[in-house]
Amino acid sequence: MNTISIMNSIEYNNAVEQLNLWAYHYYVLDDPINTDEEYDKLYHIVLEYEENNPDSVLKNSPTQRVGDNISDGFMKEPHLSRMWSLEDIFDTDGLQKWLEKTYRLNGSVTFYCEPKYDGASLNLVYKDGVLIKGITRGDGTIGELITQNVKTINSIPLTIEHKETIEIRGEVVIFKSEFEKINKERLAQGQALFANPRNAAAGSLRQLDSSITASRNLVFLPYGVGVDNLAFKLLSDKMEYIYSLGFKKPPQRAVTKGFDEIKEIYEIMHRDRDSYEMMLDGMVIKVNEIAAQIDMGYTVKVPRFAVAYKFPAVEKITTLKDIVLQVGRTGAITPVAIVEPTDIDGVVVERATLHNFDEIERKDIRVGDRVIILRSGDVIPKITKVLTHERDGNETKIEKPRYCPVCKHELLQEEVLLKCQNLECDARIVNAIIYFASKPCLNIDGLGIKIVEQLFREGLVKSLLDLYDLTLEKLLKLEGFKEKKAQNLLNSLENAKRSEYWRFINSLGIEHIGEVASKILAKEFGFCWVDATKEKIVECEGIGEEMAESVLEFVRVNRKTIERLQTILQPLEPVKHKEAVENLFKGKTIVLTGTMSKSRGDIKDMLEALGAKVSGSVSKRTDYLIYGEDAGSKYDKAEKLGVKTLSEKEMREKI
Ligand code: IVH
């Protein structure tokens, strides 16, 4: 039967509401309550209904997020009220002075503190509860109308339960992980890289083709309102109201009384800065009493009632001293910049990645150049810009090498990569082992770069399989290995057994096959991926010809090693391909909450491999709630409903 005929307008309304609720949990609350599959299925039913009933399409239907092409640039558009910028302060001295100035205007105010997001500012205009305009900041008075692009941002509601006209202001950001992903793709396609997440966000927002904006996973974080008729006395209450309309909350916020409390929350935000998904460049302090804000007013440039207390910069200027070459596990040669040591937010940076030789050529990077380097989070620092105007003529061009720096074999250019062709190259073997043990692979604690290099140098480990021939006796002969360290390493190797199957595939280091592709292969084929044909592999969404060929070639050369490793490691085959063995969790509905030793996704994969269903919210039908640290409302709800609760440790014991 056709799906259209079974959906009436009430069901259509309910379906749109359901999709929006799922999207709100996913994009705004960061706490999904459904699967992608469920979402896609319902989305397509809604789409079909709308194609047959074009006059009854709801304004907040998720299908309305797909925008058009704008051929001749964006129109200018005035803001209903001015968008201000902020005065900056950099230290406690600056804070003291700003507070004194503010207290002179009003001695009894409190302060609302929230992150200063590093992205692009955006003004949203809602009328009669419907998003009608999205405008860039521009000069603060007039910006550019980018409504079509703005509608593709999932954390921006298309409709809100507030019917008066309101301007909601905030920052559009790209999460650090997404930025890394975009640049990785651009690198593979030989495109110029974005210098930092801020540029990537601003560039993505101003795309003439809104499908490009849609593909960039932008996120909107509200920080204030322009024109509004809200009667709140406190900014903190006003912001809570804005969040309640369906917008994302800041990762940290607080109402503070004075110097000490402001300093305390600043230090917390600064300390946690790397762990936030978005880039922060400081903390914004705003007078919390709205009447006092109005009283204090503005200078010609900035409000008197707010200030940006900046964090130390993550971008610094330094000098490029030398280039060294690194040989990766696939033989790819990565040029690494050695720079004049520079302190970037408490970490002395001496090396930075230059990605590849095309990138060096495109940026015309030379030894001796003054360069901008970016360090954020735990990713490798990178050179983002060359200050060519600072050159004095003593800079030297960087030549493409012809031979492998480790084994001296000739190098070949393969598309954007320069590669050592020697499969036996020491660097390739060592890096393959380092990769095998790394976090997105088997996550073997204590088997980092230094130890792998030592094991290789001493002749104990010359291949992945050798890792599982290590014994206490052999390890104790190595320098720096006492009983405890050796035993810990052996335990870690043991603990890496029975991992999720995708981790096993990923750990093999097959070229072009990363975490995502490994998950697809594991899910589609289970243990049989080694026998899958090219036709079957390319049928998987997200896997192209080149990747499929890479899999086949890898299996052709390494089948024996794969089989032996699999016998030793006994990874868990995904349920779709194998009935899970009997265990406590098989067939049970489980909810996860709190911070665990591994990511929520990893724990979910593991439980699903055991035949459990992992759900987002606790109900009477939940069999177990498994909790980590700082478990919150889900734990309380489980207790209330009498759902069995298990700590992560108890769960592991039961497995
Ligand atoms: S408030 C009247 N709050 O920083 C107050 N701005 O340097 C005006 N920004 O253009 C701005 N996070 O794009 C405010 N929590 C935050 C912010 C924030 C980022 C940006 C914003 C503004 C710039 C000012």
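In what follows, the accompanying structure is described.

Cut-off values and rules
- Residue positions are counted from 1 within each chain, in the order its sequence is given.
- Confidence filtering applies because this is a predicted model: local features only for residues at pLDDT of at least 70, side-chain atom pairs given and counted only at 80 or more, and all residues used for totals across whole chains, interfaces and linings.
- As a rule here, side-chain values come from all non-hydrogen atoms in the structure, and water together with hydrogens is ignored.
- A run of H or I in DSSP becomes a helix once it reaches four residues, and a run of E becomes a strand once it reaches two; helices and strands are each numbered from the N terminus.
- With C-alpha atoms as the basis for the radius of gyration, the globule rule is written as 2.2 Å multiplied by the number of residues raised to the power 0.38.
- For each residue, the accessible area found with a 1.4 Å probe, counting protein chains only, is set against the maximum for its type, and the residue is called buried under 20%, exposed over 50%, and partly exposed in between.
- Contact between two residues is taken to exist if any of their heavy atoms lie within 4.5 Å; hydrogens are not considered.
- Methods summary: accessible areas were calculated by the Shrake-Rupley approach with a probe of 1.4 Å, and residue burial reflects only the protein chains presented.
- We count a salt bridge whenever a side-chain nitrogen from Lys or Arg sits within 4 Å of a carboxyl oxygen from Asp or Glu.
- Here a helix's expected span is defined as the number of its residues, less one, multiplied by 1.5 Å.
- Note that the arc is defined by the directions from the helix axis to the C-beta atoms.
- To be near a molecule or strand, a residue needs just one of its heavy atoms within 4 Å of it.
- Here a polar contact is taken to be a pair of N or O atoms separated by no more than 3.5 Å, where protein atoms must pair a possible hydrogen donor with a possible acceptor and residues adjacent in sequence count only if both atoms sit in side chains.
- Under the scheme applied, nonpolar residues are Ala, Val, Leu, Ile, Met, Phe, Trp, Tyr, Cys and Pro; charged residues are Asp, Glu, Lys and Arg; polar residues are all the others, including Gly.
- Among the buried residues, those of types Ala, Val, Leu, Ile, Met, Phe, Trp, Tyr and Cys that are joined through side-chain atoms within 4.5 Å form a nonpolar core.
- Any two strands with at least two DSSP-identified bridges between them are counted as paired.
- Lines fitted to C-alpha atoms define the axes, with helix axes restricted to the stretch in contact, and inter-axis angles between N-to-C directions lie between 0 and 180 degrees.
- Residues enter patches when they are more than 30% accessible in relative terms and free of salt bridges; like-charged ones are connected within 9 Å and nonpolar ones (Val, Leu, Ile, Met, Phe, Trp, Tyr) within 5 Å.
- Counting rule for charge: Lys and Arg are taken as positive, Asp and Glu as negative, and neither His nor the chain ends is counted.
- Lys charges are placed at NZ, Arg charges at CZ, Asp charges at CG and Glu charges at CD.
- Note on ring pairs: Phe, Tyr and Trp rings are taken, using the six-membered ring of Trp, and paired if centres are within 6.5 Å. Classes follow the plane angle, with under 30 degrees stacked, over 60 edge-to-face and the rest tilted.
- Two conditions define a charge sitting above a ring: the NZ of Lys or the CZ of Arg must be within 6 Å of the ring centre, and it must be within 35 degrees of the ring normal.

1. A short note on the overall build of the protein
Then, in step 1: Check the secondary structure of the protein and you find 22 helices and 24 strands.
Then, in step 2: Taking 655 residues into account, the globule formula puts the C-alpha radius of gyration at 26 Å, and the protein, at 28 Å, falls close to it.
Then, in step 3: Projected onto the principal axes, the alpha-carbon positions of the protein cover approximately 75 × 75 × 55 Å.
Then, in step 4: Expressed as a percentage of the 655 residues in the protein, the buried residues total 47%.
Then, in step 5: Long-range pairs, those at least 24 residues apart, make up 67% of the contacts in the protein between residues at least 6 apart in sequence.
Then, in step 6: Carbon and sulfur atoms make up 50% of the accessible area of the protein, which totals about 33,400 Å².

2. Details of the pattern of salt bridges
Then, in step 1: All chains considered together, the criterion is met by 42 salt bridges.
Then, in step 2: For the salt bridge of Glu653 with Lys649, the shortest nitrogen-to-oxygen distance reads 3.6 Å. Of the two residues, Glu653 and Lys649 both sit in helix α22 (residues 648-654), four residues apart, roughly one turn of that helix. One exposure class covers both Glu653 and Lys649, and it is exposed.
Then, in step 3: Members of the salt-bridge network, linked through shared partners, are Asp364, Arg366, Asp369, Arg391 and Lys397.

3. Quick word on helix α3 (residues 92-105)
Then, in step 1: Look at α3: 20 Å from first C-alpha to last across 14 residues, which is about the 20 Å you get at 1.5 Å a residue.
Then, in step 2: Considered for burial, the residues of α3 that qualify are Gly94, Leu95, Trp98, Leu99 and Thr102. Buried residues of α3 fall within an arc of 130 degrees about the axis and therefore sit on the same side. Opposite the buried face of α3, by more than 90 degrees, sit the exposed residues Lys97 and Arg104.
Then, in step 3: The inward-facing, buried residues of α3 contact β2 (88-89), β3 (111-117), α9 (259-272), β10 (280-287), α10 (290-296) and β11 (306-310).

4. Thoughts on the site of the ligand
Then, in step 1: By nearness alone, 14 residues border the ligand, and Glu114, Pro115, Ser121, Glu171 and Lys286 come closest of all.
Then, in step 2: Ser121 places a side-chain nitrogen or oxygen 3.3 Å from an oxygen atom of the ligand.
Then, in step 3: Across the complex, the protein chains shield 87% of the 520 Å² of accessible surface that the ligand would expose by itself.
Then, in step 4: Contributing elements (two or more residues each) for the shell around the ligand: β3 and β10.
Then, in step 5: Broken down by element, the shell around the ligand gets its largest block of residues, four residues, from β3.
Then, in step 6: Classifying every residue of the shell around the ligand by side-chain character gives seven nonpolar, two polar and five charged.

5. Examining the side chain of Glu167
Then, in step 1: Looking at the element boundaries, Glu167 is found in strand β7 (residues 166-173).
Then, in step 2: At 2.8 Å, the side chain of Glu167 forms a polar contact with the backbone nitrogen of Val227.
Then, in step 3: The residues contacting Glu167, other than those within four sequence positions of it, are His79, Leu80, Ser81, Asn123, Leu124, Val125, Gly224, Val225, Gly226 and Val227.

6. Side note on the nonpolar core
Then, in step 1: Ranked by internal contacts, the top residues of the largest apolar core, which has 52 residues, are Phe436, Ile444, Leu447, Leu467, Leu475, Leu493 and Trp529.
Then, in step 2: For this core, the secondary-structure elements that each account for two or more residues are α12 (426-437), α13 (449-457), α15 (483-495), α16 (501-507), α17 (515-525) and α19 (545-569).
Then, in step 3: Beyond its immediate sequence surroundings of up to four residues, Leu467 is in contact with Ile433, Phe436, Leu447, Val461 and Leu493.
Then, in step 4: Among the nonpolar cores identified, the runner-up in size contains 30 residues, and Cys113, Leu221, Met269 and Leu280 belong to it.

7. Comments concerning the sheet that holds strand β8 (residues 219-225)
Within a sheet, neighbouring strands are paired by backbone hydrogen bonds and run either parallel or antiparallel to one another.
Then, in step 1: Strand order in the open sheet formed by four strands is β5-β4-β7-β8, with antiparallel pairing between adjacent strands. Either end of the sheet is taken by a strand with one partner, and the two such strands are β5 (130-136) and β8. Between one strand axis and the next, the sheet turns through 35 degrees on average, direction left out of account.
Then, in step 2: Pairing geometry for strand β4 (residues 120-127) and β5, over six bridges, is antiparallel. If you follow Lys127 over to β5, its bridge partner there is Val130.
Then, in step 3: Contacts from helix α8 (residues 235-244) reach β7 and β8 within the one sheet, and its direction differs from that of β8 by about 145 degrees.

8. Looking at unusual backbone geometry
Excluding glycine, most residues fall at negative phi; most peptide bonds, likewise, are trans.
Then, in step 1: The backbone of Glu415 shows a phi angle near 50 degrees, a positive value even though the residue is not glycine.
Then, in step 2: Located in the positive-phi region is Asn443, a residue other than glycine, with phi close to 50 degrees.
Then, in step 3: The topology assignment puts Asn443 in the loop between α12 and α13.

9. Description of helix α5 (residues 176-188)
Then, in step 1: Over its 13 residues, α5 runs 19 Å from end to end, which matches the ideal 18 Å to within 8%, given 1.5 Å per residue.
Then, in step 2: Where α5 is concerned, the buried positions are Lys176, Glu178, Phe179, Ile182, Asn183, Arg186 and Leu187.
Then, in step 3: Buried-residue contacts for α5 involve α6 (197-205), α7 (210-215) and β17 (382-386).
Then, in step 4: Looking one or two residues past α5, Gly190 carries a phi angle of roughly 70 degrees, positive in sign.

10. So, a negative patch on the surface
Then, in step 1: Side chains of Asp36, Glu37, Glu38, Asp40 and Glu541 sit close together on the surface and give a patch of like negative charge.
Then, in step 2: The topology assignment puts Glu37 in helix α2 (residues 36-52).
Then, in step 3: Among the residues examined, Glu37 registers a relative accessible area of 62% and is labelled exposed.

11. A word on the sheet that holds β11
Then, in step 1: Spatial ordering of the open sheet is given by β2-β11-β10-β3-β9, a layout of five strands whose pairing is mixed. Each edge of the open sheet is held by one strand with a lone partner, namely β2 and β9 (254-256).
Then, in step 2: As paired elements, β10 and β11 share five bridges and run antiparallel to each other. Within β11, the position partnered with Met283 by the bridge is Tyr309.

12. Thoughts on the environment of His409
Then, in step 1: Within the secondary structure, His409 is located in the loop between β18 (396-397) and β19 (411-414).
Then, in step 2: Taking the C-alpha atoms as reference points, His409 and Lys257, separated by 152 residues in sequence, lie 66 Å from one another.
Then, in step 3: When residues no more than four places from it in sequence are discounted, the contact partners of His409 are Arg402, Tyr403, Cys404, Cys420 and Asn422.

13. Observations concerning the packing of aromatic side chains
Then, in step 1: Using the criterion set out here, one finds 17 aromatic pairs in the structure.
Then, in step 2: Considering the side-chain rings of Tyr627 and Tyr635, the 4.9 Å spacing of their centres and the 85 degrees angle between planes classify their relative orientation as edge-to-face.
Then, in step 3: Linked through ring pairs, Trp22, Tyr39 and Tyr43 together constitute an aromatic cluster.
Then, in step 4: Across the ring face of Phe194, the terminal group of Arg186 is positioned such that the distance to the ring centre comes to 4.5 Å.
Then, in step 5: Between Lys519 and the ring centre of Trp502, over which it is positioned, the NZ or CZ distance is 4.4 Å.

14. Points about the side chain of Asp345
Then, in step 1: Position of Asp345 relative to the elements: it lies in the loop between β13 (333-344) and β14 (347-353).
Then, in step 2: A distance of 2.8 Å separates a polar atom in the side chain of Asp345 from a polar atom in the side chain of His270.
Then, in step 3: Apart from the residues lying within four places of it in its own chain, the contact partners of Asp345 are His270, Arg273, Pro312, Ala313 and Arg375.

15. Details of the pairing of β4
Then, in step 1: In terms of burial, β4 is largely enclosed, as seven of its eight residues are buried.
Then, in step 2: Bridge count between β4 and β7: seven bridges; the pairing is antiparallel. If you follow Val125 over to β7, its bridge partner there is Glu167.
Then, in step 3: Linking β4 to β5, which pair antiparallel, is a turn of two residues; within it Asp128 sits at a positive phi near 50 degrees.

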